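# Fold and geometry: a report
Chain residues, written in single-letter form:
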Amino acid sequence: FNNSSRVATEVAKALGNRSDLEIKLCALNTVFDKSFYQLEDCFKSLDRAPELVLGLGESNCNFKIETMARNLDKTKGPDNEGNERNNRVIIPGAPQELGFTYPLASMYCSLAERDRKQMEVSNDAGSFVCNNLAFQFTERYDTEKFGFIHVPSHNCKNLDVKSEITVRNLVTMIPAALN
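Residues numbered from 1 in each chain as written. Predicted model: local features only at pLDDT ≥ 70, side-chain atom pairs only at ≥ 80, totals over all residues. Heavy atoms only, no water.

### Some details on the sheet that holds strand 1 (residues 53–58)
Here four strands make up an open sheet; going across it, the order is 1-6-2-5 and the pairing mixed. Where the open sheet ends on each side, the last strands, each with one partner, are strand 1 and strand 5 (119–122). Strand-to-strand twist of the sheet, defined as the mean angle between neighbouring strand axes without regard to direction, takes the value 25°. Relative to strand 5, strand 2 (residues 63–66) runs parallel, the two sharing four bridges. Within strand 5, the position partnered with E66 by the bridge is S122. On the sheet, helix 1 (residues 3–15) packs against strand 1 and strand 6 (146–151) and is oriented at approximately 140° with respect to strand 1. (Pairing = 2+ DSSP bridges. Helix = DSSP H or I, 4+ residues; strand = E, 2+ residues; numbered from the N terminus. Axes fitted to C-alpha atoms, helices over the stretch in contact; angles between N-to-C directions. Contact = heavy atoms within 4.5 Å.)

### Observations concerning the pattern of salt bridges
Within the structure shown, the criterion is met by 13 salt bridges. Linking K117 and E113 is a salt bridge whose minimum nitrogen-to-oxygen distance equals 3.6 Å. A relative accessible area of 63% means that K117 is categorised as exposed. Linked by salt bridges that have partners in common, D33, D73 and R85 make up one network. (Salt bridge = Lys/Arg side-chain N within 4 Å of Asp/Glu carboxyl O. Buried < 20%, exposed > 50% of the residue type's maximum accessible area, 1.4 Å probe, protein only.)

### Regarding the environment of F148
Considering the arrangement of structural elements, one finds F148 in strand 6. Note: C-alpha distance between F148 and K64 (84 residues apart in sequence) is 8.8 Å. Contacts of F148, omitting those with residues within four sequence positions, involve L54, G55, L56, G57, K64, I65, E66, F100, Y102, C130, L133 and A134.

### A look at unusual backbone geometry
The phi torsion at N87 lies on the positive side, around 60°, for a residue other than glycine. Structurally, N87 is set in the loop between strand 3 (68–70) and strand 4 (97–99). Among the residues examined, N87 registers a relative accessible area of 44% and is labelled partly exposed. At N158, a position not held by glycine, the phi torsion is positive, near 55°. With respect to the helices and strands, N158 occurs in the loop between strand 6 and helix 6 (159–177).

### Thoughts on the packing of aromatic side chains
In the structure shown here, the tally under the stated rule is eight aromatic pairs. Ring centres of F100 and Y102 lie 6.3 Å apart, and the angle between their planes is 80°; this geometry places the pair in the edge-to-face category. In this structure F100 comes out as buried when scored by relative accessible area, which is 11%. What makes Y102 buried here is its relative accessible area of 5%. Following the ring pairs from residue to residue traces out a cluster consisting of F43, F100, Y102, F137, Y141 and F146. (Phe/Tyr/Trp six-rings, centres within 6.5 Å; stacked < 30°, edge-to-face > 60°.)

### Description of helix 2 (residues 34–44)
Among all positions in helix 2, only S35, F36, L39, E40, C42 and F43 are buried. The buried residues of helix 2 occupy an angular sector of 160° when the element is viewed end-on, so they sit on one face. In helix 2, the exposed positions angled more than 90 degrees off the buried face are occupied by D41 and K44. (Arc of directions from axis to C-beta.)

### A short note on the pairing of strand 6
The buried fraction of strand 6 is high, at six of six residues. Burial of the side chains of strand 6 extends over both faces: F146, F148 and H150 are buried on one face and G147, I149 and V151 on the other. Sheet topology places strand 1 next to strand 6; six bridges connect them, and they run parallel. Bridging from a neighbouring strand, L54 pairs with G147 of strand 6.

The following block contains the structure:
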């Protein structure tokens, strides 16, 4: 079980009745490099380029809006296929870090103040598969509006409440990103 899948499904349901939005969910494995190739396959299978590509992953118990990814894998444990990477550059010759291109200010400002207090803005997508995926996509598809968000982990206390808040915020933020 991965809470990012649950949150994505709930967001798609909540936004599914809007005729101005089309949402495609792509489940990705938590495996270095493989997740990027799965996202790339999903991206290339679309009839037209999307207006927004949004990656979701688990992290800690917070709703975290990420602003950048780093060109470094550094695990504290294995991915789902047993791969570990210790200080390995993701793409040799690429920048050390890349900022995401989604309209974070519009998304953030679309939220009520109470909802902004339920999230954090982070400049560290970690050093695991989420960061790896985000860095590769940002580097290879630099003209796409892309961002990454960490949702509360499946093992958090009060997960249902935290997930409900996360879904509510994303349902507000996604349309704001497209205006």
